[in-house]
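Listed here are the chains, written in short residue letters.
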Amino acid sequence: MIDTPRLVDQYCHGVLRTELGLGTFEAHLGPAAPPASGTTLFDTQTGFAVRRWCPPLLGLEAHCPPARYLARRRELGVAETGRRLLRAAGIGTYLVDTGAPGDLTGPAELAGAGAARAHEIVRLEPLAEQVADTSGTAESFLGNLTEAVQAAATRSVAFSSAAAPRCGLVAVPETPGRVEVRRAAGRWLARRRAGGPLDDPVLLRHLLWIAVGAGRPLQLHTGDRDPGALAGFAAATAGLGADLVLLHGSPHHRTAARLAGAFPHVYADLGAALTHTGARAADVLAEILELAPFGKLLYSSGARALPELHVVAAHAFRAALGRVLGAWVQDGAWSLPDARRVAAMLAAGNATRVYRLG
Amino acid sequence: MIDTPRLVDQYCHGVLRTELGLGTFEAHLGPAAPPASGTTLFDTQTGFAVRRWCPPLLGLEAHCPPARYLARRRELGVAETGRRLLRAAGIGTYLVDTGAPGDLTGPAELAGAGAARAHEIVRLEPLAEQVADTSGTAESFLGNLTEAVQAAATRSVAFSSAAAPRCGLVAVPETPGRVEVRRAAGRWLARRRAGGPLDDPVLLRHLLWIAVGAGRPLQLHTGDRDPGALAGFAAATAGLGADLVLLHGSPHHRTAARLAGAFPHVYADLGAALTHTGARAADVLAEILELAPFGKLLYSSGARALPELHVVAAHAFRAALGRVLGAWVQDGAWSLPDARRVAAMLAAGNATRVYRLG
Amino acid sequence: MIDTPRLVDQYCHGVLRTELGLGTFEAHLGPAAPPASGTTLFDTQTGFAVRRWCPPLLGLEAHCPPARYLARRRELGVAETGRRLLRAAGIGTYLVDTGAPGDLTGPAELAGAGAARAHEIVRLEPLAEQVADTSGTAESFLGNLTEAVQAAATRSVAFSSAAAPRCGLVAVPETPGRVEVRRAAGRWLARRRAGGPLDDPVLLRHLLWIAVGAGRPLQLHTGDRDPGALAGFAAATAGLGADLVLLHGSPHHRTAARLAGAFPHVYADLGAALTHTGARAADVLAEILELAPFGKLLYSSGARALPELHVVAAHAFRAALGRVLGAWVQDGAWSLPDARRVAAMLAAGNATRVYRLG
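Conventions used here
- Residues numbered from 1 in each chain as written.
- Chains lettered and ligands numbered in written order.
- Predicted model: local features only at pLDDT ≥ 70, side-chain atom pairs only at ≥ 80, totals over all residues.
- Heavy atoms only, no water.
- Contact = heavy atoms within 4.5 Å.
- Buried area = accessible area lost by both parts, 1.4 Å probe.
- Salt bridge = Lys/Arg side-chain N within 4 Å of Asp/Glu carboxyl O.
- Polar contact = N/O pair within 3.5 Å; in protein donor to acceptor, adjacent residues only side chain to side chain.
- Helix = DSSP H or I, 4+ residues; strand = E, 2+ residues; numbered from the N terminus.
- Nonpolar A, V, L, I, M, F, W, Y, C, P; charged D, E, K, R; others polar.
- Buried < 20%, exposed > 50% of the residue type's maximum accessible area, 1.4 Å probe, protein only.
- Least-squares fit on C-alpha atoms with pLDDT ≥ 70 in both.
- Domains from an automatic or database assignment.
- Expected span 1.5 Å × (residues − 1).
- Arc of directions from axis to C-beta.
- pLDDT = per-residue confidence, 0-100.
- Disulfide = S-S within 2.5 Å.
- Pairing = 2+ DSSP bridges.
- Axes fitted to C-alpha atoms, helices over the stretch in contact; angles between N-to-C directions.
- Parallel < 35°, antiparallel > 145°, perpendicular 65-115°, else oblique.
- UniProt positions renumbered as here; feature names shortened; annotations may be inferred.
- Phe/Tyr/Trp six-rings, centres within 6.5 Å; stacked < 30°, edge-to-face > 60°.

## Quick word on the interface of chain A and chain C
Many authors give the size of an interface as the accessible area that is lost as the parts come together.
For step 1, the next point in the chain: Counting residues at the interface gives 28 residues for chain A, matched by 30 residues for chain C.
For step 2, the next point in the chain: Buried surface at the junction of chain A and chain C, both sides included, amounts to about 2,400 Å², of which 55% is carbon and sulfur.
For step 3, the next point in the chain: For the interface between chain A and chain C, the tally reads six salt bridges.
For step 4, the next point in the chain: Our count for the chain A to chain C interface comes out at 14 residue pairs in polar contact (both at pLDDT 80 or more).
For step 5, the next point in the chain: Of all the secondary structure elements, the ones that give two or more residues to the side of chain A that touches chain C are α2 (45-53) and α13 (281-291) of chain A.
For step 6, the next point in the chain: When residues in the side of chain A that touches chain C are grouped by element, the largest group, four residues, is from α2 of chain A.
For step 7, the next point in the chain: Here the side of chain A that touches chain C is built from residues that sort into nine nonpolar, twelve polar and seven charged.

Okay, structure coming up:
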């Protein structure tokens with residue numbers, strides 16, 4: 001009843017180029033943590049969802065054992081597996097965060113494999129670390145940083161950052177003062193070894209504020225924190241022209257949705273809600289649709305490393321949207337034309353507008 | 001299967017007396033924020049719920065376009081529209097917070113339009129600001145304030161306040177000391193211009209504590225904060241005779257429900273859960289019914305400015321109650337007499353007891 | 001479709017040995033708070049669930065009035081009532097926290113009444129208070145405390161504690177230093193009367209860390225706090241060999257589930273989710289199954305004082321599991337063999353592995 005157009009995946013990463021065994025595949029199903037002794041990450045909603053949707057795309061039965069699926073995957077080879085999976089996902093455009101570690105395909109390669117378009121999202125922290133590697137003094141670092149962010153804004157569709165939960169933004173949402181930033185830069189550069197991570201809270205806040213100034217949408221990972229804590233930063237950045245996109249709020253997706261309703265420039269992502277909740281994706285989607293205006297929600301997969309995750313998110317999203325909106329139409333709560341219109345907004349229309357993909 | 005008696009709407013505001021266009025109507029559908037560029041507040045659960053329930057009451061088809069609905073509204077005129085909508089809502093008693101800004105009808109006018117009864121809820125902050133406008137010294141202000149609160153307690157059924165999330169109550173739930181209060185009053189009056197808002201945290205806490213002393217139920221807006229943070233204030237006010245009613249907890253309605261179960265004098269409101277979640281109202285209501293004792297939940301609309309919001313909340317509540325309790329009865333989890341009894345408690349019985357409307 | 005084996009109840013208490021009247025029975029249905037005036041704790045999901053599941057086990061109709069049920073209970077006598085109820089619960093093994101106050105049956109007596117096995121869980125705070133009662137100096141107290149915890153580890157299957165939300169663990173997750181602990185012990189012993197509770201935050205943290213060192217699973221009550229706040233303690237105890245089990249997270253069960261997915265040694269309890277949510281148990285269980293790996297969830301009742309609560313939790317769990325997993329199988333999201341395997345893990349398999357009950 002509810003058809004969706006080809007999706008814009010507004011936040012994902014590339015896929016691995018190397019063949020994977022059972023253990024290395026499993027490691028990419030969950031968060032960074034290894035499984036507990038006596039357990040496997042295949043026994044998760046993500047694992048079950050992969051076994052539901054992916055084997056049929058490679059000619060196997062749904063829910064076949066992981067070992068059989070991995071054997072088939074190696075038989076086809078990583079490149080052919082990726083092509084078959086990605087082309088079955090129904091994704092028209094990938095927005096690719098290129099700042100994740102690991103040997104992952106870039107936007108162009110992902111687009112080629114998936115027969116789709118792709119654009120780059122620039123992750124702020126690695127960008128700042130690269131600038132630090134080639135800057136001599138605090139003064140030159142700060143100048144180069146601003147230039148680098150502005151240059152990145154011209155070649156990418158958005159910025160992303162994981163700094164929000166660990167840079168004191170909750171307590172001090174405002175942009176830090178010049179003197180404070182210069183001191184922080186001096187301290188950080190002095191104690192930093194080449195390649196060392198940007199971990200100074202003042203510099204991280206400064207970096208977020210430069211990005212806001214560059215006018216591109218800024219995607220914020222909220223980690224396992226309640227995005228409600230970002231209300232102060234949302235208030236401080238209102239009206240400055242840059243949109244904020246809250247990524248991966250689950251299980252705090254309702255507070256993310258509420259924040260998207262409270263500020264015109266705040267958007268909420270549907271990502272982790274769908275990739276990692278499997279049989280529950282429809283219920284989680286329905287919760288997000290409570291408080292967020294429908295023009296403020298953006299589909300994503302958040303997938304990384306395994307094309308299976310790009311596929312699972314897309315299939316889960318389509319199935320969830322059909323079930324949730326279909327039930328509301330049958331119940332008389334929504335009209336069918338409205339449901340179809342909202343489905344198209346969530347699938348592609350909102351992202352096309354926010355990231356100016358038109 | 002589950003009939004509800006005429007409702008007591010335990011928290012609402014009056015409606016606007018002026019004709020509205022598409023844009024001014026839309027502005028009242030959501031929170032204070034304007035819609036993002038390229039979006040409309042009609043594309044929200046609230047907007048869809050208004051289009052579901054209200055057009056048929058004015059002789060139009062459900063889900064007709066907003067512009068056609070607004071044209072019909074102007075054709076009938078604001079007064080006749082209000083009468084038709086309110087009289088179809090099935091509300092017997094309105095408890096009206098008269099402290100909201102804007103040219104809204106008062107309790108008597110709302111009662112007349114809706115063919116119902118109405119009682120006043122006094123908002124504490126504007127009351128204190130009026131007292132400040134007419135008091136010379138800190139000393140006289142504080143004396144007049146206590147008198148004004150006590151006088152208000154005799155003419156109203158409850159107090160309301162939005163101060164809880166912004167007066168330091170989480171860190172310091174106790175009543176502030178006399179000297180501290182007198183100093184705060186002096187400071188605030190000295191820097192205040194006529195009509196200026198009460199924003200001193202010590203005075204706000206003092207005001208809440210005077211209201212607790214007056215013995216009337218005290219309704220607390222929890223804003224977008226987790227009402228779990230009010231556990232300290234609940235503990236400090238236990239046994240003093242005044243009930244606390246947590247307003248508008250969504251999406252924190254589960255923590256509000258839990259708090260209502262943990263303290264005999266704490267109650268939870270069903271308001272925003274119903275007015276602003278549309279097709280999801282039954283699911284949200286079911287969640288509130290997990291942890292709260294059924295004697296501690298109170299129907300409200302939280303509606304303001306648009307009689308459509310009074311209607312939507314009432315219809316959503318009745319439909320949600322029928323669906324949720326009906327399913328539990330069919331499943332054998334609840335008996336039908338229990339379900340009917342609980343429906344009547346939530347609709348009117350609990351509010352009648354708490355506000356002594358008998 | 002989904003059968004579950006006999007359950008391991010991984011966290012419960014004994015039952016009362018005394019006959020109960022309507023009021024004393026009611027008092028054990030809810031949290032410590034008495035019901036509000038004009039209300040009864042029978043009007044809760046817990047009360048309705050007891051009336052649904054228990055009367056038929058004593059030869060009465062489901063949902064009969066509380067007074068009739070209590071009369072039948074007295075007719076049979078507390079011992080026979082307990083036997084009938086517990087033996088109908090389908091529980092194979094009880095893990096019994098013996099640290100709760102009140103005249104409750106111990107593990108052996110509960111096992112006898114329920115025709116099941118039972119093991120002891122040692123509550124840390126009372127253990128430390130007993131040590132303090134018989135230790136002269138701070139020095140000897142601290143030495144005896146370590147010995148007592150190690151001795152308890154040999155006779156019990158787990159430790160439990162309610163200290164986590166009130167010992168500053170969120171701000172300072174690390175083990176406190178020796179000097180700090182010795183000073184805290186001196187201060188606490190000096191101001192303590194015999195039998196006085198352990199309420200010093202430094203000593204409470206020290207106690208948790210001794211228990212972690214003893215290698216047994218440590219069960220943490222999270223009170224009404226968000227267990228997400230324990231992420232720091234989880235990080236600090238990772239890899240040390242002791243598992244952490246988050247108890248009774250409702251309504252924060254989703255954050256508990258997420259933490260169980262983020263750390264290999266963190267587990268989440270299904271307890272309060274089931275005993276106190278009645279007709280909503282299936283929905284709450286489904287939410288927990290979103291983010292937690294299926295090998296990290298443990299059934300419990302959390303029941304205390306009333307064998308009715310042991311029964312209600314077990315029946316609610318079985319019914320919820322059948323409904324939730326059954327729907328996913330019918331939908332094609334899960335395979336039937338997977339659903340049966342996961343049901344057995346949640347019911348008994350995970351607890352058998354974690355507590356080495358094999």
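What follows continues from the structure just given.
## Considering helix α11 (residues 253-262) of chain A
For step 1, the next point in the chain: Among the ten residues of α11 of chain A, eight are classified as buried, and the element is accordingly described as predominantly covered.
For step 2, the next point in the chain: When α11 of chain A is considered as a whole, its buried residues turn out to be His253, Arg254, Thr255, Ala256, Ala257, Leu259, Ala260 and Gly261 of chain A.

## A short note on the environment of serine 140 of chain A
Residues and elements named next belong to chain A.
For step 1, the next point in the chain: Relative to the helices and strands, serine 140 is located in helix α7 (residues 138-155).
For step 2, the next point in the chain: Since its relative accessible area comes to 25%, serine 140 is described here as partly exposed.
For step 3, the next point in the chain: A polar contact is formed between the side chain of serine 140 and the backbone nitrogen of glycine 136, at a distance of 3.4 Å.

## As for the relation of the copies chain B and chain A
For step 1, the next point in the chain: In the superposition of chain B on chain A (RMSD 0.0 Å, axial shift 0.0 Å), the rotation amounts to 120°. As the rotation angle and translation indicate, the two copies are arranged about a three-fold axis. Every residue of chain B has its C-alpha some distance from the rotation axis, and the shortest such distance is that of aspartate 283 of chain B, at 5.7 Å.
For step 2, the next point in the chain: Interface overlap between copies: only 4% of the residues of chain B at the interface are likewise at the interface in chain A, consistent with a contact formed by different surfaces.

## So, the pattern of salt bridges
For step 1, the next point in the chain: Enumeration over the complete set of coordinates arrives at 66 salt bridges over all chains.
For step 2, the next point in the chain: With a shortest N-O distance of 3.9 Å, arginine 254 of chain A and glutamate 287 of chain A are connected by a salt bridge. Taken together, the residues arginine 254 of chain A in helix α11 and glutamate 287 of chain A in helix α13 connect sequence positions 33 residues apart.
For step 3, the next point in the chain: Relative accessible area serves as the criterion here: at 9%, arginine 254 of chain A is assigned to the buried category.
For step 4, the next point in the chain: Across the salt bridge formed by aspartate 97 of chain C and arginine 123 of chain C, the nearest N and O atoms sit 3.0 Å from each other. Residue aspartate 97 of chain C is found in strand β2 (residues 91-97), and its partner arginine 123 of chain C is found in strand β3 (residues 117-123); the two are separated by 26 residues along the sequence.
For step 5, the next point in the chain: The exposure class of aspartate 97 of chain C is buried, given its relative accessible area of 2%.

## Some thoughts on the interface of chain B and chain A
For step 1, the next point in the chain: Taken together, the contact pairs 28 residues of chain B with 30 residues of chain A.
For step 2, the next point in the chain: Summed over both partners, the interface of chain B with chain A comes to about 2,400 Å²; 55% of that surface belongs to carbon and sulfur atoms.
For step 3, the next point in the chain: It is Asp43, Phe48 and Arg280 of chain B in chain B that bury the most area against chain A; as a group they hold 24% of the surface buried on that side.
For step 4, the next point in the chain: Our count for the chain B to chain A interface comes out at six salt bridges.

## Thoughts on the domain arrangement of chain A
All names here are of chain A.
For step 1, the next point in the chain: Each domain of chain A was delimited in the assignment, giving domain 1 (7-11 + 89-354) and domain 2 (20-31 + 41-76).
For step 2, the next point in the chain: Look at where the C-alpha atoms of domain 1 and domain 2 centre, and you get two points 27 Å apart.
For step 3, the next point in the chain: Together domain 1 and domain 2 conceal approximately 1,200 Å² of surface at their shared face, both sides included; 71% is due to carbon and sulfur atoms.
For step 4, the next point in the chain: On inspection of domain 1 and its partner domain 2, the count reaches one salt bridge.
For step 5, the next point in the chain: In this structure, the salt-bridge partner of glutamate 308 is arginine 73, at a minimum N-O distance of 2.8 Å.
For step 6, the next point in the chain: With eight residues, helix α14 (residues 307-330) is the largest single contributor of residues to the side of domain 1 that touches domain 2.

## Details of α7 of chain A
Structurally, the α-helix is built with 3.6 residues per turn, so residues lying three or four positions apart point the same way.
Residue and element names in this part refer to chain A.
For step 1, the next point in the chain: Between the first and last C-alpha of α7 there are 26 Å, a value that for 18 residues agrees with the 26 Å anticipated at 1.5 Å per step.
For step 2, the next point in the chain: By the burial criterion, the buried members of α7 are Ala138, Phe141, Leu142, Leu145, Ala148, Val149, Ala152 and Ala153. The arc enclosing the buried residues of α7, seen along the axis, measures out at 135°, which places them on a common side. Pointing more than 90 degrees away from the buried face of α7 are the exposed residues Glu147 and Thr154.

## Brief notes about the environment of arginine 6 of chain C
Residues and elements named next belong to chain C.
For step 1, the next point in the chain: By secondary structure assignment, the location of arginine 6 is in the segment before β1 (7-12).
For step 2, the next point in the chain: Sequence separation of arginine 6 and arginine 216 is 210 residues, and the distance between their C-alpha atoms is 24 Å.
For step 3, the next point in the chain: In this view, arginine 6 contacts Gly90, Ile91, Gly92, Ala115, Ala116 and Ala348; residues no more than four positions away in its chain are not counted.
For step 4, the next point in the chain: At a separation of 3.3 Å, a polar atom in the side chain of arginine 6 contacts the main-chain carbonyl oxygen of isoleucine 91.
For step 5, the next point in the chain: A distance of 3.3 Å separates the side chain of arginine 6 from the backbone oxygen of alanine 115, its partner in a polar contact.

## Some remarks on the confidence of the model for chain A
For step 1, the next point in the chain: With 100% of its residues at a pLDDT of 70 or more, chain A shows a mean pLDDT of 95.
For step 2, the next point in the chain: Reported confidence for the predicted complex is 0.96 by ipTM and 0.97 by pTM.

## A closer look at the state of the cysteines
For step 1, the next point in the chain: Enumeration over the complete set of coordinates arrives at zero disulfides over all chains.
For step 2, the next point in the chain: There is no disulfide at cysteine 64 of chain C, and the cysteine sulfur nearest it, in cysteine 54 of chain C, is 10 Å away.

## Observations regarding the relation of the copies chain A and chain C
For step 1, the next point in the chain: With an RMSD of 0.0 Å, the operation that places chain A on chain C is a rotation of 120° combined with a shift of 0.0 Å along the axis.
For step 2, the next point in the chain: A share of only 4% of the interface residues of chain A reappears at the interface of chain C, consistent with the copies meeting through non-equivalent patches.

## Some points on the sheet that holds strand β3 (residues 117-123) of chain A
All names here are of chain A.
For step 1, the next point in the chain: Here eight strands make up an open sheet; going across it, the order is β1-β2-β3-β4-β5-β6-β7-β8 and the pairing parallel. Only two strands of the sheet have a single partner each, and these edge strands are β1 (7-12) and β8 (297-298).
For step 2, the next point in the chain: The pairing of β1 with strand β2 (residues 91-97) spans four bridges and is parallel. Across the sheet, the residue bridging to leucine 7 is isoleucine 91, located in β2.
For step 3, the next point in the chain: Most of the contacts of α11 go to strand β7 (residues 266-269), to which it runs at about 155°, and overall it touches β6 (244-247) and β7.

## Some details on the packing of helix α4 (residues 78-87) of chain A against α14 of chain A
A pair of packed helices is characterised by two quantities: the angle between their axes and the separation of those axes.
All names here are of chain A.
For step 1, the next point in the chain: Between α4 and α14, whose axes approach to 9 Å, the crossing angle comes to 10°. When the axis of α4 is compared with that of α14, the two are roughly parallel. Residue-level contacts link Thr81, Gly82, Leu85 and Leu86 of α4 to Pro307, Glu308, His310 and Val311 of α14.

## Focus: the UniProt feature "domain: Amidohydrolase-related" (unreviewed entry) in chain A
For step 1, the next point in the chain: As annotated in UniProt, the feature "domain: Amidohydrolase-related" (unreviewed entry) corresponds to residues 113-357 of chain A in the numbering used here.
For step 2, the next point in the chain: Secondary structure within residues 113-357 of chain A divides into 55% helix and 10% strand; the distance between the first and last C-alpha atoms comes to 20 Å.

## Some thoughts on the packing of aromatic side chains
What characterises a pair of aromatic rings is the spacing of the ring centres plus the angle enclosed by the ring planes.
For step 1, the next point in the chain: For the structure on display, the rule yields 27 aromatic pairs over all chains.
For step 2, the next point in the chain: Seen from their ring centres, phenylalanine 48 of chain A and tryptophan 334 of chain C are 4.6 Å apart, and the 75° between their planes marks the pair as edge-to-face. Here tryptophan 334 of chain C lies in the loop between α14 (307-330) and α15 (336-354) and phenylalanine 48 of chain A lies in helix α2, a pairing that spans two chains. The same class applies to phenylalanine 48 of chain A as to tryptophan 334 of chain C, namely buried.
For step 3, the next point in the chain: Taken together, a centroid distance of 5.6 Å and an interplanar angle of 85° make the contact between tryptophan 209 of chain B and phenylalanine 233 of chain B edge-to-face.

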